[in-house]
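# Topology and contacts: notes
Below are the chains, spelled out letter by letter.
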Amino acid sequence: MFNIPALSHAGDAEIQHRIDHKTKPPGALGELEPLALQLARVLGKEAPAIRRPTMLVFAADHGIAAHGVSIAPSAVTTQMVHNFLGGGAAINVFCRQLGYELEVIDCGILEPLPPTPGLVAQRLGAGTGAIHLEAAMTQAQVTQGLALARALVARHHEAGANLIALGEMGIGNTSSAAAVMAALTGLPLTDCVGRGTGIDDAALANKRALLARALALHGDEPTSGQAQARPDPLRVLACLGGFEIVQMTGAMLAAAELGMLVLVDGFIATVSALLAVRLNANARDYMIFAHESEERGHKLLLAELGARPLLSLGLRLGEGTGAALALPLVQAAANFYNQMASFDEAGVTSVV
Ligand SMILES: Cc1cc2ncn([C@H]3O[C@H](COP(=O)(O)O)[C@@H](O)[C@H]3O)c2cc1C
Ligand SMILES: O=C(O)c1cccnc1
């Protein structure tokens, strides 16, 4: 479906040599060093640079949100999309500060907005089915969502972007994401389910119970260590996913296919990253994990992907905020690689 080239590691020795011969003790730039290696692999080892960084915020509603799993009602999804378009949300502030292009994608909010600059309508429906009662969507909607996201990313690639960051807005989407995580990993639901927007203990117990029902309904209960065939990510998406989760997954796969970097935000975006990697393992090489969210489950999810997040700020917002904040670090990795003098160039006695 997506044709993602396996990233070549043939130039690694040369790239690492260049990093090691910068005027610093070996390894002293910490996590920025493997990040520079990744940038050089993806963008080319001569002068990797981030061009037209683009933040895509995918919005959709969730049927399960009507069943007491969030502090907010579904109406807040549409209200926040309004806020994004008016420039007043956290993600707007950070995108302005950091020089991101920002686009908001309506993947299926309950109350569609009139055409507005900055808003792209790629609606797969008007909210998903409540996953503890029925499938979230049909397989055809999953296929359509992946295709729409692919065309969207192609457009940004043509406009000159070589890095996309992904964020989301959708009341109830930590429920859907936790269910997908449990289905894909086989981890106990209690390890995957968190407080999302900040629900209390009673609502958390209800959220866990509903998600246990959802997994049982769709045959995705944890196997308690028993061997089970790897679940089909497309089926899991249809049964338990969300319209924004589908399109984020498609956008990540499309970006990798086009040789773009993918900057991954928090819990929900990382669930899409896991889906993308399960659909095509080559996608992993293009992903940068921005931060570790406060949401329960995110640490284990990152571990499942072998990811070391750049930041740990206690964020639990979504919208792409963590991904936005990590951009300067990505740029710093490219800049040290491109601009720092080597021992030879600076006349500093080499320590390697
Ligand atoms: C005002 C407001 C702004 C937000 N921006 C992101 N989210 C975040 O919270 C939601 C997920 O949490 P849950 O599963 O508990 O509903 C998503 O919309 C996510 O992006 C927000 C939530 C609220 C209330
Ligand atoms: O980690 C996230 O992305 C997150 C956490 C809580 C609520 N919304 C998003």
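An unreviewed UniProt entry annotates the chain as Nicotinate-nucleotide--dimethylbenzimidazole phosphoribosyltransferase of Shewanella salipaludis. Turning to the chain, the UniProt annotation filed under Sequence similarities (unreviewed entry) states: "Belongs to the CobT family."

## What to know about helix 6 (residues 173–185)
Spanning 13 residues, helix 6 covers 18 Å between terminal C-alpha atoms, matching the ideal 18 Å at 1.5 Å per step. For helix 6, a buried count of 12 out of 13 residues is recorded, marking the element as mostly surrounded by other parts of the structure. Of the positions making up helix 6, those classed as buried are N173, T174, S175, S176, A177, A178, A179, V180, M181, A182, A183 and L184. Of the residues one or two after helix 6, G186 is the one with positive phi, at around 75°.

## Some thoughts on the UniProt feature "transmembrane region" (unreviewed entry) in the chain
Sequence positions flagged by UniProt for "transmembrane region" (unreviewed entry) are, in local numbering, residues 258–277. Along residues 258–277, the helical share is 55% and the strand share 20%, with 16 Å between the first and last C-alpha atoms.

## Re the site of ligand 1
In the neighbourhood of ligand 1, 17 residues make up the surrounding shell, with S70, T174, G196, T197 and G318 lying closest. Elements with a minimum of two residues in the shell around ligand 1: helix 3 (75–86), strand 4 (163–169) and helix 6. Here the shell around ligand 1 takes three residues from helix 6, the largest share from any one element. Tallied by class, the residues present in the shell around ligand 1 amount to six nonpolar, nine polar and two charged.

## Things to note about the packing of helix 5 (residues 139–158) against helix 10 (residues 243–257)
Following both chains from N to C, one finds helix 5 and helix 10 inclined at 50°, their axes separated by 7 Å at the closest point. One finds that helix 5 runs oblique with respect to helix 10. The way helix 5 lies across helix 10 gives a crossing that is right-handed. In this structure, helix 5 uses V142, G145, L146, L148, A149, R150, L152, V153 and A154 to contact helix 10, whose residues at the interface are F243, V246, Q247, T249, G250, A251, A254 and A255.

## Quick word on the UniProt feature "active site" (unreviewed entry) in the chain
The feature "active site" (unreviewed entry), as annotated in UniProt, sits at E319 in this numbering. Looking at the secondary structure, you find E319 in the loop between helix 12 (298–304) and helix 13 (321–339). The class for E319 is buried, based on 27 C-beta atoms found within 10 Å. Once residues within four sequence positions are removed from consideration, E319 is found in contact with V57, A89, A90, I91, G167 and M169.

## Some thoughts on the packing of helix 1 (residues 12–20) against helix 2 (residues 32–43)
Where helix 1 contacts helix 2, the axes come no closer than 10 Å and their chain directions differ by 135°. Compared by their axis directions, helix 1 and helix 2 come out oblique. Considering how the two elements wind past one another, helix 1 and helix 2 form a crossing that is right-handed. Of helix 2, the residues touching helix 1 (which contributes D12, I15, Q16 and I19) are E33, A36, L37 and A40. Counted by class, the contact of helix 1 with helix 2 contains five nonpolar, one polar and two charged residues.

## As for unusual backbone geometry
With the exception of glycine, the majority of residues adopt a negative phi angle, and the majority of peptide bonds are in the trans configuration. Positive phi is not limited to glycine here, since R52 has a value of about 45°. Mapped onto the fold, R52 is located in the loop between helix 2 and strand 1 (54–60). A residue is classified by how many C-beta atoms lie within 10 Å of it, and R52, with 15 of them, is partly exposed. At E319, a position not held by glycine, the phi torsion is positive, near 65°.

## A few points about the environment of K207
Note that K207 resides in helix 8 (residues 201–217). On the neighbour-count criterion, K207 (25 C-beta atoms within 10 Å) is buried. Taking the C-alpha atoms as reference, K207 lies 9.9 Å from T174; in sequence the two are 33 residues apart.

Here is what the cut-offs are and how they apply
- Residues numbered from 1 in each chain as written.
- Chains lettered and ligands numbered in written order.
- Predicted model: local features only at pLDDT ≥ 70, side-chain atom pairs only at ≥ 80, totals over all residues.
- UniProt positions renumbered as here; feature names shortened; annotations may be inferred.
- Helix = DSSP H or I, 4+ residues; strand = E, 2+ residues; numbered from the N terminus.
- Expected span 1.5 Å × (residues − 1).
- Buried ≥ 20, exposed ≤ 12 C-beta atoms within 10 Å, placed from the backbone.
- Near = placed C-beta within 6 Å.
- Nonpolar A, V, L, I, M, F, W, Y, C, P; charged D, E, K, R; others polar.
- Axes fitted to C-alpha atoms, helices over the stretch in contact; angles between N-to-C directions.
- Parallel < 35°, antiparallel > 145°, perpendicular 65-115°, else oblique.
- Left-handed = near helix turned anticlockwise from the far one by under 90°.
- Contact = placed C-beta atoms within 7 Å.

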